[in-house]
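# Reading the structure
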Amino acid sequence: MSFPTIINNILEGSQDLVQATDGNIFGVHYPDALATTKTAVVFTYKKDAATHTLQKKNTLQEFNLVIWILSLDNEINENIVPIIRGLLDDYEDDNILDLIFEDEDGGVDQEKQRYYKSLIYRATYQD
Amino acid sequence: MSITWGGKVIARTTDFSIEINKEIVDITTLQSAGWKEKLADLKDWKISFNALVTRGADATFQVYDAILNDFLTSDAPVTIVIADGGAGGTFSKTGSAILASLSTGVSVGEKVTYSGSLEGTGGLT
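Throughout what follows, the structure given in this document is the object of discussion. (Residues numbered from 1 in each chain as written. Chains lettered and ligands numbered in written order. Predicted model: local features only at pLDDT ≥ 70, side-chain atom pairs only at ≥ 80, totals over all residues. Heavy atoms only, no water.)

Moving on: helix H3 (residues 74–88) of chain A. Residues and elements named next belong to chain A. The first and last C-alpha atoms of H3 sit 21 Å apart over 15 residues, in line with the 21 Å expected at 1.5 Å per residue. Every buried residue of H3 is listed here: Asn77, Ile80, Val81, Ile84 and Leu88. Where H3 is buried, its residues contact helix H1 (3–12), helix H2 (15–21), strand E2 (40–51), strand E3 (60–71), strand E4 (96–109) and strand E5 (114–126). (Helix = DSSP H or I, 4+ residues; strand = E, 2+ residues; numbered from the N terminus. Expected span 1.5 Å × (residues − 1). Buried < 20%, exposed > 50% of the residue type's maximum accessible area, 1.4 Å probe, protein only. Contact = heavy atoms within 4.5 Å.)

Looking now at the pairing of strand E6 (residues 78–83) of chain B. All names here are of chain B. Relative to E6, strand E1 (residues 2–5) runs antiparallel, the two sharing four bridges. Looking at E6, one finds that Ile3 is bridged to Ile82. With six bridges joining them, E6 and strand E7 (residues 92–105) adopt antiparallel strand pairing. Paired with Ile80 across the strands is Gly95, a residue of E7. (Pairing = 2+ DSSP bridges.)

Strand pairing in a sheet takes place through backbone hydrogen bonds and is either antiparallel or parallel in direction. All names here are of chain A. Strand order in the open sheet made by the five strands is E1-E2-E3-E5-E4, with mixed pairing throughout. Among the strands making up the open sheet, the edge pair consists of strand E1 (25–27) and E4. Taking each pair of neighbouring strands and ignoring which way they run, the sheet shows an average axis angle of 20°. Lying on the sheet, H1 is in contact with E1, E2, E3, E4 and E5; it crosses E2 at an angle near 150°. The sheet contacts of H3 involve E2, E3, E4 and E5, and relative to E5 the element is tilted by about 10°. (Axes fitted to C-alpha atoms, helices over the stretch in contact; angles between N-to-C directions.)

It is worth spelling out the interface of chain B and chain A at this point. The partner chain A presents 14 residues to the 14 residues of chain B that form the contact. Summing both partners gives a buried area of about 1100 Å² for chain B against chain A, and 50% of it is carried by carbon and sulfur. Taken as a group, Arg12, Arg55 and Lys111 of chain B account for 51% of the area that chain B buries against chain A, more than any other trio of residues on that side. The tally of links from chain B across to chain A stands at zero salt bridges. Between chain B and chain A we count five residue pairs in polar contact (both at pLDDT 80 or more) in total. Contributing elements (two or more residues each) for the side of chain B that touches chain A: strand E2 (8–10) and strand E3 (13–26) of chain B. (Buried area = accessible area lost by both parts, 1.4 Å probe. Salt bridge = Lys/Arg side-chain N within 4 Å of Asp/Glu carboxyl O. Polar contact = N/O pair within 3.5 Å; in protein donor to acceptor, adjacent residues only side chain to side chain.)

To continue, consider the nonpolar core. Membership of the largest hydrophobic core comes to 23 residues, with the highest contact counts inside it found for Ile7, Leu11, Leu65, Ile67, Ile84 and Leu88 of chain A. Of all elements in the fold, only H1, E2, E3, H3, E4 and E5 of chain A reach the threshold of two or more residues within this core. Of all the elements, H1 of chain A adds the most residues to this core, at five residues. The residues contacting Ile67 of chain A, other than those within four sequence positions of it, are Leu11, Val41, Val42, Phe43, Ile84, Leu88, Lys117, Ser118, Leu119 and Tyr121 of chain A. Within the second largest apolar cluster, 18 residues are counted, among which are Phe49, Tyr64, Ile67 and Val78 of chain B. (Core = buried A, V, L, I, M, F, W, Y, C linked by side-chain atoms within 4.5 Å.)

Residue and element names in this part refer to chain A. Taken as a whole, the largest pocket spans an internal volume of roughly 280 Å³. Counting residues per element, the ones that place at least two in the lining of the largest pocket are E3, E4 and E5. At three residues, the largest contribution of residues to the lining of the largest pocket is made by E5. Among the residues forming the lining of the largest pocket, the class breakdown is five nonpolar, four polar and seven charged. (1 Å grid on protein atoms, 1.4 Å probe; cavity = no way out; pocket = protein on both sides within 12 Å on 5 of 7 lines; lining within 4 Å. Points joined across faces, edges and corners; volume = space filled by probe spheres on them. Nonpolar A, V, L, I, M, F, W, Y, C, P; charged D, E, K, R; others polar.)

The geometry of an aromatic ring pair is captured by two quantities: the separation of the ring centres and the angle between the planes. All told, the structure shown has nine aromatic pairs over all chains when counted by the stated rule. Ring centres 5.8 Å apart and planes at 50° place the aromatic pair Trp68 of chain A and Tyr116 of chain A in the tilted group. With Trp68 of chain A in strand E3 and Tyr116 of chain A in strand E5, this pair connects stretches of sequence that are 48 residues apart. For Tyr116 of chain A, a relative accessible area of 15% puts it in the buried group. Each ring, one from Phe49 of chain B and one from Tyr114 of chain B, has its centre 5.9 Å from the other, and the planes form 90°; the classification is edge-to-face. With Phe49 of chain B in strand E4 (residues 38–52) and Tyr114 of chain B in strand E8 (residues 113–121), this residue pair connects regions lying 65 residues apart in the sequence. Pair check on accessibility: Phe49 of chain B and Tyr114 of chain B agree, each one buried. (Phe/Tyr/Trp six-rings, centres within 6.5 Å; stacked < 30°, edge-to-face > 60°.)

Attention now moves to the environment of Phe26 of chain A. Residue and element names in this part refer to chain A. Assignment of secondary structure puts Phe26 in strand E1. A relative accessible area of 18% places Phe26 in the buried class. For the pair Phe26 and Ser118, spaced 92 residues apart in sequence, the C-alpha to C-alpha distance is 14 Å. What Phe26 contacts, discounting residues up to four positions off in sequence, is Pro31, Leu34, Ala40, Val41, Val42 and Phe43.

In structure tokens, the structure reads:
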């Protein structure tokens, strides 16, 4: 299973998170048509490094994963943070060998006209 | 190229090297007319490899756990095959070897790697 698919499944598999966001959980692409009144979670990821082996390229990959929480109320964002951290902090399975929380940021997203929180993770993924 | 250990390719090798040596015996005598004379003698071979430690069992590939267990519990030689399995590849050599050393490297935030060295016993054919 690919890295973004696993992350998507983890987030969408949480009843608490689905309830808190009304199901507005998106991977990479934030729908422009989504009303600014909605609370949403969007994740983006970037491959930082890859280890190749004789058997296969990209056997191990390191990703930078950012989870964005967007809403009109910063308190809502603060309430969603522990839900996501409970799902992702130190998560591991056969594919995701490490998922380490690194940093948190927050403020006002002028473009989307709402408050945001971002949770930054570093992930080691094996195919 | 791949190394096969006991019928299974060693999982996640990042590199390996094969060294084949031939001993040369000096048979120079006073009749050698001022030139050294030599004879080829015994040959030996060794392989060293580096690989990533994999998580979980694997039915297809030889994983770190299995190699470590072999090293700790058995002194028997293992059948090693070095082959080029790629398109058009014809290179393939087989021999028996004894795992002479195994070392593992672990550090925080880094991938876990291990390296091994094999000493051939008998010919590489």
